[in-house]
Amino acid sequence: MSLTEAVVNILKQPHTTSQRDAIKLGKARKSTDYKRLDTVSVKLQGGPFSTIYLDIMKYPEYIFTDETISSYRFTFDEPSTINGRNVYVVNFRPRNNSLNLNYNGKLYIDTQSLALVSADYALDVSNKNKTKNLLVKKKPSDVTVYPLEANYKVDYKAKNGKWYYSYSNLSLKFKVNKKREIFNKVYTLSSEMAVTDWEINTNDIKIRHKDRLRPTVIITDAISGFSDPNFWGEYNLIEPDKSIESAIEKIKKSIEKEREKEREQTVNGQP
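Residues numbered from 1 in each chain as written. Predicted model: local features only at pLDDT ≥ 70, side-chain atom pairs only at ≥ 80, totals over all residues. Heavy atoms only, no water.

Draft legend 1. Broad picture of the overall build of the protein. Summing up its helical and strand segments, the protein has five helices and 10 strands in all. When each of the 271 residues of the protein is scored for burial, the buried share is 34%. Taking all contacts inside the protein whose residues are at least 6 apart in sequence as the whole, residues at least 24 apart take part in 58%. As displayed, the protein has an accessible area near 17,600 Å², and 48% of this comes from carbon and sulfur atoms. (Helix = DSSP H or I, 4+ residues; strand = E, 2+ residues; numbered from the N terminus. Buried < 20%, exposed > 50% of the residue type's maximum accessible area, 1.4 Å probe, protein only. Contact = heavy atoms within 4.5 Å. Areas by Shrake-Rupley, 256 points an atom, 1.4 Å probe, with all protein chains shown as cover.)

Structure (structure tokens):
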């Protein structure tokens, strides 16, 4: 029904500071066909923030806090390997149902550095009375939304002895119950982000306040259709069931051309 992709610049802050990450929209395009819907359309609020907040090393409060972490039970699973590195596999699940939000999943921890390499987890949505309308910010009064699935993933990569946020995705499934309609509708929604390049901010570059995306942005509403076709060229939209990494290789060339153009303008004295 709706597909949006974008290249963004992220001013990523260390997990040791309380400063929030800032995001600037670079290039974006979308394709929508809401005519196929006969009742309700579902839109994701947060845009790239919905995936960047899955960086649980930077934002642990969205899953573990000092108050809630003792409510989880952690157990070792069979060790494994990720990208040739040995990792401990730690399962976690709530001890009871005392928490408002219960998560369960796996943490993959590097055996040498004890850094978090990856995390796969899900929100417990089995209690319908507890999770009814839980993930919904705004809806019609005659609609009730039940989450059927809420799955999350985040990956990190090592570079020069440090670990950096590398990739994350979320996958949601909702059942929408509309009054005076016999059948419920099921909607699926997914979002993912992959980092294509890292650069240490040695020049203290900042993103101006007016250029920053807000965490409340609905990216589908914030951009036009195929803006800047020269950048995207003849590349097709990323297919939702294909890996984002495979599409990134196609887009990287366009990103490099944009950077080269910016460098030439700077050399020529253009603003």
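Draft legend 2. Looking closely at the pairing of strand S5 (residues 85-94). The sheet contact formed by strand S3 (residues 72-76) and S5 spans five bridges and is antiparallel. Looking across to S5, one finds that Thr75 is bridged to Asn91. Examined bridge by bridge, strand S4 (residues 80-82) and S5 share three bridges and lie antiparallel to one another. If you follow Ile82 over to S5, its bridge partner there is Arg85. Counting the residues between successive antiparallel strands, the hairpin from S4 to S5 contains two residues, one of them, Asn83, with a positive phi of roughly 50 degrees. Pairing of S5 with strand S6 (residues 103-110), which is carried by six bridges, proceeds in the antiparallel orientation. The residue of S6 that forms the bridge with Phe92 is Gly105. (Pairing = 2+ DSSP bridges.)

Draft legend 3. Representation of the nonpolar core in the model. Residues Ile56, Phe92, Tyr103, Tyr121 and Tyr152 are the most contacted members of the largest nonpolar core, which totals 38 residues. With six residues, the single largest contributor to this core is strand S8 (residues 143-159). (Core = buried A, V, L, I, M, F, W, Y, C linked by side-chain atoms within 4.5 Å.)

Draft legend 4. Quick look at the pattern of salt bridges. This model, assessed by the stated rule, comprises 14 salt bridges. We note a salt bridge from Lys12 to Asp21, for which the minimum N-O separation is 2.8 Å. According to the relative accessible area criterion, Lys12 is partly exposed, its value standing at 31%. Notably, a salt bridge pairs Lys12 with Asp55, separated by 2.8 Å at the nearest N-O pair. Of this pair, Lys12 sits in the loop between strand S1 (2-11) and strand S2 (22-32) while Asp55 sits in the loop between helix H1 (49-52) and S3; the two residues are 43 residues apart in sequence, bridging distant segments of the chain. Each member of the salt-bridge network shares a partner with another, and the members are Lys12, Asp21 and Asp55. (Salt bridge = Lys/Arg side-chain N within 4 Å of Asp/Glu carboxyl O.)

Draft legend 5. Structural detail: the pairing of S8. For strand S7 (residues 116-123) and S8, the ladder comprises five bridges, and the chain directions are antiparallel. Paired with Ala119 across the strands is Val154, a residue of S8. Inspection of the sheet shows S8 paired to strand S9 (residues 162-178) by 16 bridges, in the antiparallel sense. Looking at S9, one finds that Tyr152 is bridged to Leu170. Hairpin connection between S8 and S9: a loop of two residues separates the two successive antiparallel strands, and Asn160 in this loop has a positive phi of roughly 55 degrees.

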